Amino acid sequence: MSVTAPQGFRAAGVAAGISAAQARDVAVVVNDGPSRAAGAVFTDHSDPAAPVLWSRQVVSGGRVRAAVLNSGCANAGTGPLGFQAVHAAAEHTADLLADSAAEIVLCSAGPVGTTLPSDTVNAGVTSALAEAGRGGGLPAADAIRTGDTVAKFAFLRGEGVTVGGMAKGPDASVGSVLCVLTTDADLSAEQCRRLVADAAAKTLAPLTGTNDTVLLMASGAAPTTPDEGAVAVLLNRVCEELAAQVAADTPDTGTPEDRQAHP
């Protein structure tokens, strides 16, 4: 179930046509609440991609309704036009959810230097939201693959709380890392920020790619209020499992120069 294992979440992954191969390349993860608390860790790169610039602003507000992720285009090194494309995708997603673009996170991976194709992405988001459900976690994980040979996902259930996650690699040291984590624990935005920062620091390589994003969303849909420490243990174990899956996936991704050009 991946990111949809916790209560309150639905997801989907569809083939929109961003990448040349007719594979899934647009994913959505929607938080139906009742809470929308969120925190994230982003790249330390000196010139972050447009989706990172947008998503930093969104997460600073502490609330995220949905994350839209795509493969096939990193939208990095694209300047103002790239940022406009991200804004347009967020607005389109928000319109479909009857919500605010200020609570829509965008993540992209793929070749750098190309602006996100707005019409293609918007069509993919429309299809993905129409399909989104509790069974959509695995297609969503599949849609964010770039050089990965398999989708990467994990979830763990604790005492009254669940944590799920999906990620893309294949190697955190070359190319960008995208990771979406979900929990039905009732957490504050500050708790989300602290927990995801700690988990990322312990389990993932330094985030230095143009598009690196590790996002945690909390729905608050669990029937009980868990101890923060218990959530931290589950979150760290899920991140460890995702990191192990990334490390185990060693596809032929070409020369180091090729890999650096495809975050």
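If you're wondering where the values come from, they're calculated on a predicted model, not measured in any experiment. (Residues numbered from 1 in each chain as written. Predicted model: local features only at pLDDT ≥ 70, side-chain atom pairs only at ≥ 80, totals over all residues. Heavy atoms only, no water.)

### Re empty space enclosed by the protein
Item 1. Counted according to the given criterion, the structure contains 1 cavity of 30 Å³ or more.
Item 2. Ala167, Lys168, Val177, Cys179, Leu204, Cys239, Leu242, Ala243 and Val246 are the residues that line the largest cavity.
Item 3. It is helix H6 (residues 228–248) that provides the largest number of residues to the lining of the largest cavity, a total of 4 residues.
Item 4. Among the residues making up the lining of the largest cavity, the classes are represented as 8 nonpolar, no polar and 1 charged. (1 Å grid on protein atoms, 1.4 Å probe; cavity = no way out; pocket = protein on both sides within 12 Å on 5 of 7 lines; lining within 4 Å. Points joined across faces, edges and corners; volume = space filled by probe spheres on them. Helix = DSSP H or I, 4+ residues; strand = E, 2+ residues; numbered from the N terminus. Nonpolar A, V, L, I, M, F, W, Y, C, P; charged D, E, K, R; others polar.)

### Considerations on the pattern of salt bridges
Item 1. In total, this model carries 14 salt bridges according to the counting rule given.
Item 2. Between Arg194 and Glu228 there is a salt bridge, with the nearest N and O atoms lying 2.9 Å from each other. Within this pair, whereas Arg194 is found in helix H5 (residues 189–203), its partner Glu228 is found in helix H6, the two being separated by 34 residues in sequence.
Item 3. Among the charged side chains, a network of salt bridges with common partners joins Arg10, Asp32, Arg36, Arg63, Arg65, Asp99 and Glu103. (Salt bridge = Lys/Arg side-chain N within 4 Å of Asp/Glu carboxyl O.)

### Notes on the sheet that holds strand E5 (residues 104–108)
Item 1. Strand order in the open sheet formed by 4 strands is E1-E2-E4-E5, with mixed pairing between adjacent strands. The sheet is open, and its two borders are formed by strand E1 (9–14) and E5, each paired with just one other strand. Across this sheet, the average inter-strand angle for adjacent strands is 10 degrees, counted without regard to direction.
Item 2. Both strand E4 (residues 66–70) and E5 contribute to a ladder of 5 bridges, which runs parallel. Paired with Leu69 across the bridge in E5 is Cys107.
Item 3. Lying on the sheet, helix H2 (residues 79–97) is in contact with E1, strand E2 (26–31), E4 and E5; it crosses E5 at an angle near 135 degrees. (Pairing = 2+ DSSP bridges. Axes fitted to C-alpha atoms, helices over the stretch in contact; angles between N-to-C directions. Contact = heavy atoms within 4.5 Å.)

### Topic: the sheet that holds strand E8 (residues 178–183)
Item 1. Spatially, the 5 strands line up as an open sheet ordered E3-E9-E8-E7-E6, and their pairing is mixed. Of all the strands in the sheet, just strand E3 (37–42) and strand E6 (152–157) have a single pairing partner and so form its edges. Shown here is a sheet whose adjacent strand axes are inclined to one another by a mean of 10 degrees, direction ignored.
Item 2. Where strand E7 (residues 162–168) and E8 come together, 6 bridges link them in antiparallel fashion. Paired with Gly164 across the bridge in E8 is Thr182.
Item 3. Against the sheet, H6 contacts E6, E7, E8 and strand E9 (213–218), and its axis sits at roughly 155 degrees relative to E6.

### Considerations on the environment of Ser19
Item 1. Topologically, Ser19 is positioned in the loop between E1 and E2.
Item 2. Linking Ser19 and Thr146, residues 127 residues apart in sequence, is a C-alpha distance of 9.6 Å.
Item 3. In contact with Ser19, other than residues within four places in its own chain, are Asp25 and Gly72.

### Brief notes about helix H3 (residues 118–131)
In an α-helix, one full turn covers 3.6 residues, which means residues spaced three or four apart are oriented alike.
Item 1. Relative to the 20 Å expected for 14 residues at 1.5 Å per residue, H3 spans 20 Å between its end C-alpha atoms, a close match to the ideal helical length.
Item 2. For H3, the set of buried residues is Val121, Asn122, Gly124, Val125, Ala128 and Leu129. In a view along the axis of H3, the buried residues occupy a sector of 160 degrees, so they form one face of it. Exposed and facing more than 90 degrees away from the buried side of H3 are Asp119, Ala130 and Glu131.
Item 3. Along its buried surface, H3 packs onto E1, E2, E4 and H2. (Expected span 1.5 Å × (residues − 1). Buried < 20%, exposed > 50% of the residue type's maximum accessible area, 1.4 Å probe, protein only. Arc of directions from axis to C-beta.)

### A look at H6
Item 1. The end-to-end C-alpha distance of H6 is 30 Å, a good match for the 30 Å that 21 residues give at a rise of 1.5 Å each.
Item 2. Inspection of H6 places Val231, Ala232, Leu234, Leu235, Asn236, Val238, Cys239, Leu242, Ala243, Gln245 and Val246 among the buried residues, and these make up the whole buried set.
Item 3. Elements in contact with the buried residues of H6: E6, E7, E8, H5 and E9.
Item 4. A side-chain oxygen of the first residue of H6 lies 2.8 Å from the backbone nitrogen of Gly229; this N-cap is Asp227. (Polar contact = N/O pair within 3.5 Å; in protein donor to acceptor, adjacent residues only side chain to side chain.)

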